[in-house]
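Fold and contact review
One-letter residues, chain by chain:
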Amino acid sequence: ELQAAPAGGNLADSITRAQVLFLDGENPAYVLRAAQSLAGPELIVSFGPFLDDSAAYADVLLPDHHTLESEAAVVPLGLGGVAVAQPFVRPLYDTRPIAQTLGRLGVAFEPVSVKDYVVPMLPPEEVWENVVRQGGYWKPNSGDAKITAKELKWTDPVFAGKPEDFPLQFQPYLSLQFHDGRGANLPWMQELPDPVSSAMWGLPVEIDPKTAEKLKVSTGDWVRVESENGHLEAAAYVHPAALPGVLSMAIGEGHTYYGRYASGRGANPLFIL
C-alpha cells in the first residue's frame, strides 16, 4: 500500500502513514525535514543513484541509471512540443532503470518508452529518427495561438513567531549550484563560486547593510539564526542588494548523509522553517 498526500495535505504525515515507500530521486528527509517520518513505513526502497539523507533510511537500495545513461522526454508547458534525450553513455555500474525494476515485482505495471510516449504526438509526416536527431519536436507556429491568463489572487503572508521576538524575516531560495540540494555531493559544484557572495564549500546568510550595521555584523562573521522551529549557524555576507529586515540563504548545504563532499557541511535553511 502506497499512500499519496491529498491535496493540501501534509506530505510528511502521509509518509508516516504509508506501509511501503518508494523514493525515486527525492529526498524528503532533507527538503521536508521529514527524517522522523521515515520511521513509519515498514519498507523503504530507494531508487536514487546516490546515498542521500533519505536513502540512508532505506531497507533496499536499487539505484536507477544516471540521467546521462537514461532516455527522457520533457514537455515544456505551453510551447507545443517535446524535448527528447537518448542515453549519452553506457551504464557504468550495475544499475537498472526503475521501469525494469518495477516490472519484476509481479505487479500490474506497463512501462512506456520515450518512443511510445512521443510518437502519438507527431504528425504523420514526422519520422521518429528525425525527432531523435534534432533532440525533439516543436509544432510550427500557426499564427493563431492564444494566451489566456487567470486572475491572480493574493493573500497576506503568515509568519511564525511574534514580531517582538523575531523581528527579521527569513527567505530560503533555490541555489544555482545545488538547486534543492541534490547537487551538493559533487565536488566541482562545491567549488563553483556562489553568484551572490562568491563563497565556495559553504553558503552564507545574506544580510542587508542596515541590519548588519545595527547588529554589528560584518561579512565573514559567524552568526546564529533562530526561529520558532530551530536554529542554524553560518557565515554572514553583507549583501548591498538585500531587502532591509530580510535574511536570505541559498538551499543546498546541511546534509546529514550525502557522500564525502556534502555530509556534515554547512547548514540547511529549510530546517528552521
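This text goes with the structure placed above it.
Residues numbered from 1 in each chain as written. Predicted model: local features only at pLDDT ≥ 70, side-chain atom pairs only at ≥ 80, totals over all residues. Heavy atoms only, no water.

Quick look at the pattern of salt bridges now. Across all of its chains, the model carries 4 salt bridges by this definition. One salt bridge in this structure joins glutamate 26 and arginine 182, with 3.8 Å as the shortest N-O distance. Placement of glutamate 26 in the loop between β1 (20-23) and α2 (28-31) and of arginine 182 in the loop between β7 (169-174) and α6 (187-190) is noted, with a sequence separation of 156 residues between them. Classification of glutamate 26 as partly exposed rests on a relative accessible area of 45%. (Salt bridge = Lys/Arg side-chain N within 4 Å of Asp/Glu carboxyl O. Helix = DSSP H or I, 4+ residues; strand = E, 2+ residues; numbered from the N terminus. Buried < 20%, exposed > 50% of the residue type's maximum accessible area, 1.4 Å probe, protein only.)

This next bit is on the sheet that holds strand β5 (residues 81-85). On the basis of which strands lie adjacent, the open sheet formed by 3 strands has the order β4-β5-β6 and antiparallel pairing. A single partner strand is all that each edge strand has here, and the edge strands are β4 (72-74) and β6 (136-138). For this sheet the average axis-to-axis angle between neighbouring strands, irrespective of direction, equals 15 degrees. (Pairing = 2+ DSSP bridges. Axes fitted to C-alpha atoms, helices over the stretch in contact; angles between N-to-C directions.)

Taken as a whole and assessed by the stated rule, the structure comprises 2 aromatic pairs. Ring geometry for phenylalanine 22 versus phenylalanine 47: centroids 5.7 Å apart, planes at 85 degrees, classification edge-to-face. Taken together, the residues phenylalanine 22 in strand β1 and phenylalanine 47 in the loop between β2 (43-46) and β3 (60-61) connect sequence positions 25 residues apart. Note on phenylalanine 47: relative accessible area 2%, which makes it buried. With centroids separated by 6.3 Å and ring planes inclined at 50 degrees, the aromatic side chains of tryptophan 201 and tyrosine 261 adopt a geometry described as tilted. Taken as a pair, tryptophan 201 in the loop between α6 and β8 (205-207) and tyrosine 261 in the segment after β11 (246-251) lie far apart in primary sequence, 60 residues in all. Using a relative accessible area of 28% as the deciding quantity, one classes tryptophan 201 as partly exposed. The exposure class of tyrosine 261 is partly exposed, given its relative accessible area of 27%. (Phe/Tyr/Trp six-rings, centres within 6.5 Å; stacked < 30°, edge-to-face > 60°.)

It is worth spelling out unusual backbone geometry at this point. Phi angles above zero are rare outside glycine, and tryptophan 201 is one such case at about 55 degrees. Despite not being glycine, lysine 216 shows a phi value in the positive range, around 60 degrees.

Below, the discussion takes up the side chain of glutamine 177. Residue placement: glutamine 177 occurs in the loop between β7 and α6. In contact with glutamine 177, other than residues within four places in its own chain, are Met189, Leu192, Pro193, Asp194, Pro195 and Leu203. (Contact = heavy atoms within 4.5 Å.)

We now examine a nonpolar patch on the surface. A cluster of nonpolar side chains, contributed by Val75, Val112, Tyr117 and Met121, occupies part of the molecular surface with about 350 Å² of accessible area. Relative to the elements of secondary structure, methionine 121 occurs in the loop between α4 (114-118) and α5 (128-134). (Patch = residues over 30% accessible without salt bridge, like charges linked within 9 Å, V, L, I, M, F, W, Y side chains within 5 Å. Areas by Shrake-Rupley, 256 points an atom, 1.4 Å probe, with all protein chains shown as cover.)

Extensive coverage of β11 is indicated by the burial of 6 of its 6 residues. Across 6 bridges, the pairing between β7 and β11 is parallel. Paired with leucine 174 across the bridge in β11 is isoleucine 251. Two strands pair when backbone bridges link them, and β8 and β11 are joined in this way by 2 bridges, in the antiparallel orientation. In the strand pairing of β11, valine 205 is matched with methionine 249.

Attention now goes to the sheet that holds β11. Taken in spatial order, the 5 strands line up as β7-β11-β8-β10-β9 in an open sheet, and their pairing is mixed. This sheet does not close on itself; its edge strands, each paired only once, are β7 and β9 (222-227). Direction aside, the axes of adjacent strands within the sheet are offset by 40 degrees on average. In this structure, β9 lies alongside strand β10 (residues 230-238), joined through 6 bridges in antiparallel fashion.

Moving on: the environment of leucine 11. Within the secondary structure layout, leucine 11 lies in helix α1 (residues 11-17). Through-space distance from the C-alpha of leucine 11 to that of serine 37 is 9.4 Å; in sequence the pair is 26 residues apart.

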